[in-house]
Amino acid sequence: DAPTGDQAVYTYPEDGDTNVGNYPFYLVSFNNEMDTTTLTAQTEDGACSGTIQLSKDNFQTCYGGTLDNSDPYFVMFEGNTSFTYGQTYKIRVLKSVKDATGASPLASNYDMTTGFSTPASPLVDLGNETIADVENYIVWAKCPYGLSGT
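Scoring rules and cut-offs
- Residues numbered from 1 in each chain as written.
- Predicted model: local features only at pLDDT ≥ 70, side-chain atom pairs only at ≥ 80, totals over all residues.
- Heavy atoms only, no water.
- Pairing = 2+ DSSP bridges.
- Helix = DSSP H or I, 4+ residues; strand = E, 2+ residues; numbered from the N terminus.
- Axes fitted to C-alpha atoms, helices over the stretch in contact; angles between N-to-C directions.
- Polar contact = N/O pair within 3.5 Å; in protein donor to acceptor, adjacent residues only side chain to side chain.
- Phe/Tyr/Trp six-rings, centres within 6.5 Å; stacked < 30°, edge-to-face > 60°.
- Buried < 20%, exposed > 50% of the residue type's maximum accessible area, 1.4 Å probe, protein only.
- Core = buried A, V, L, I, M, F, W, Y, C linked by side-chain atoms within 4.5 Å.
- pLDDT = per-residue confidence, 0-100.
- Contact = heavy atoms within 4.5 Å.

J.: Explain the sheet that holds strand S2 (residues 25-30) here, please?
T.: The strands making up a sheet associate through backbone hydrogen bonding, with each pair oriented either parallel or antiparallel. Here 4 strands make up an open sheet; going across it, the order is S1-S2-S5-S4 and the pairing antiparallel. Looking at strand neighbours, the two that pair on one side only are strand S1 (9-12) and strand S4 (65-68), the edges of this open sheet. Across this sheet, the average inter-strand angle for adjacent strands is 15°, counted without regard to direction. Bridge analysis of S2 against strand S5 (residues 74-79) gives 5 bridges, and the strand direction is antiparallel. Looking at S5, one finds that Tyr26 is bridged to Phe77.

J.: I keep staring at the side chain of Thr38 and nothing clicks. Help me out?
T.: Take Thr38: it is sitting in the loop between S2 and strand S3 (52-55). Looking at Thr38, its side chain comes within polar contact range of the main-chain oxygen of Asp35, at 2.8 Å.

J.: Teacher, can you tell me more about the pairing of strand S9 (residues 123-127) here?
T.: Successive side chains on a regular strand alternate, one facing one side of the sheet and the next facing the other. Direction of pairing for S9 relative to strand S10 (residues 130-133): antiparallel, over a ladder of 4 bridges. The partner of Asp125 across the bridge, within S10, is Ile131. Hairpin connection from S9 to S10: 2 residues lie between these consecutive antiparallel strands, with Asn128 at a positive phi of about 55°.

J.: How should I be thinking about the packing of aromatic side chains in this particular structure?
T.: Given two aromatic rings, one states the distance between the centres and the angle between the planes to describe the pair. Counted under the stated rule, the structure contains 6 aromatic pairs. Ring centres 5.7 Å apart and planes at 70° place the aromatic pair Tyr63 and Tyr89 in the edge-to-face group. Taken together, the residues Tyr63 in the loop between S3 and S4 and Tyr89 in strand S6 (residues 88-93) connect sequence positions 26 residues apart. When its relative accessible area of 0% is taken as the criterion, Tyr89 is described as buried. With a centroid separation of 5.8 Å and an interplanar angle of 25°, the aromatic rings of Tyr89 and Phe116 are classed as stacked. Here the residue Tyr89 occupies a position in strand S6, and Phe116 occupies one in strand S8 (residues 116-117), the gap between them amounting to 27 residues.

J.: Can you help me understand the nonpolar core in this one?
T.: Generally speaking, nonpolar side chains in soluble globular proteins are found buried as a group. Val28, Phe30, Ile52, Leu54, Val93 and Phe116 are the most contacted members of the largest nonpolar core, which has 22 residues in total. Elements supplying a minimum of two residues to this core: S2, S3, S5 and S6.

J.: How should I be thinking about unusual backbone geometry in this particular structure?
T.: Note on backbone geometry: most residues besides glycine have negative phi, and most peptide bonds are trans. Here Tyr12 and Pro13 are connected by a cis peptide whose omega angle stands at 0°. Assignment of secondary structure puts Pro13 in the loop between S1 and S2. Of note in this structure, Asn58 is not a glycine but carries a positive phi near 55°. Relative to the elements of secondary structure, Asn58 occurs in the loop between S3 and S4.

J.: Can you walk me through the confidence of the model for the protein in this structure?
T.: As a general rule, the predicted coordinates of low-pLDDT regions are not to be interpreted in detail. Averaged over the protein, the pLDDT score is 85; the fraction of residues at 70 or greater is 85%. Mean pLDDT across the elements of the protein ranges from a minimum in strand S12 (residues 146-149), with 54, to a maximum in S3, with 96. The low-confidence segment residues 1-6, where pLDDT is below 50, has 11 contacts with residues more than four positions distant or belonging to other chains.

Structure follows, in structure tokens:
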């Protein structure tokens, strides 16, 4: 989904998402064509830097990784370190990012309010006697003849 109306930033995972897998990947999209040279992220875990940040400790430290900013409407980030189970993460976009006209689409920094969280373990009870393994993308459901995995 793209941002709509006055929403300048859209993220995946979204603010408040739960049971996010441990693969360190996220997307940020914008409702304006951006100057991609202003969309940056740090390459190593540590003190937060760059205009797009991912943190599990309220931006005392941030994840490092690879940022693909080749598209002027969205960026993809792949972290160096897997997400930890039972943890909440937040994405921040600094207001210093610029659109193609040189203006900032953000009046202030965008910070996730709640953040997104990983499950306590890779196995998640989905109810209805169904279990998901969010690490290996397998779902088990009770069948009349035993368990079925897909």
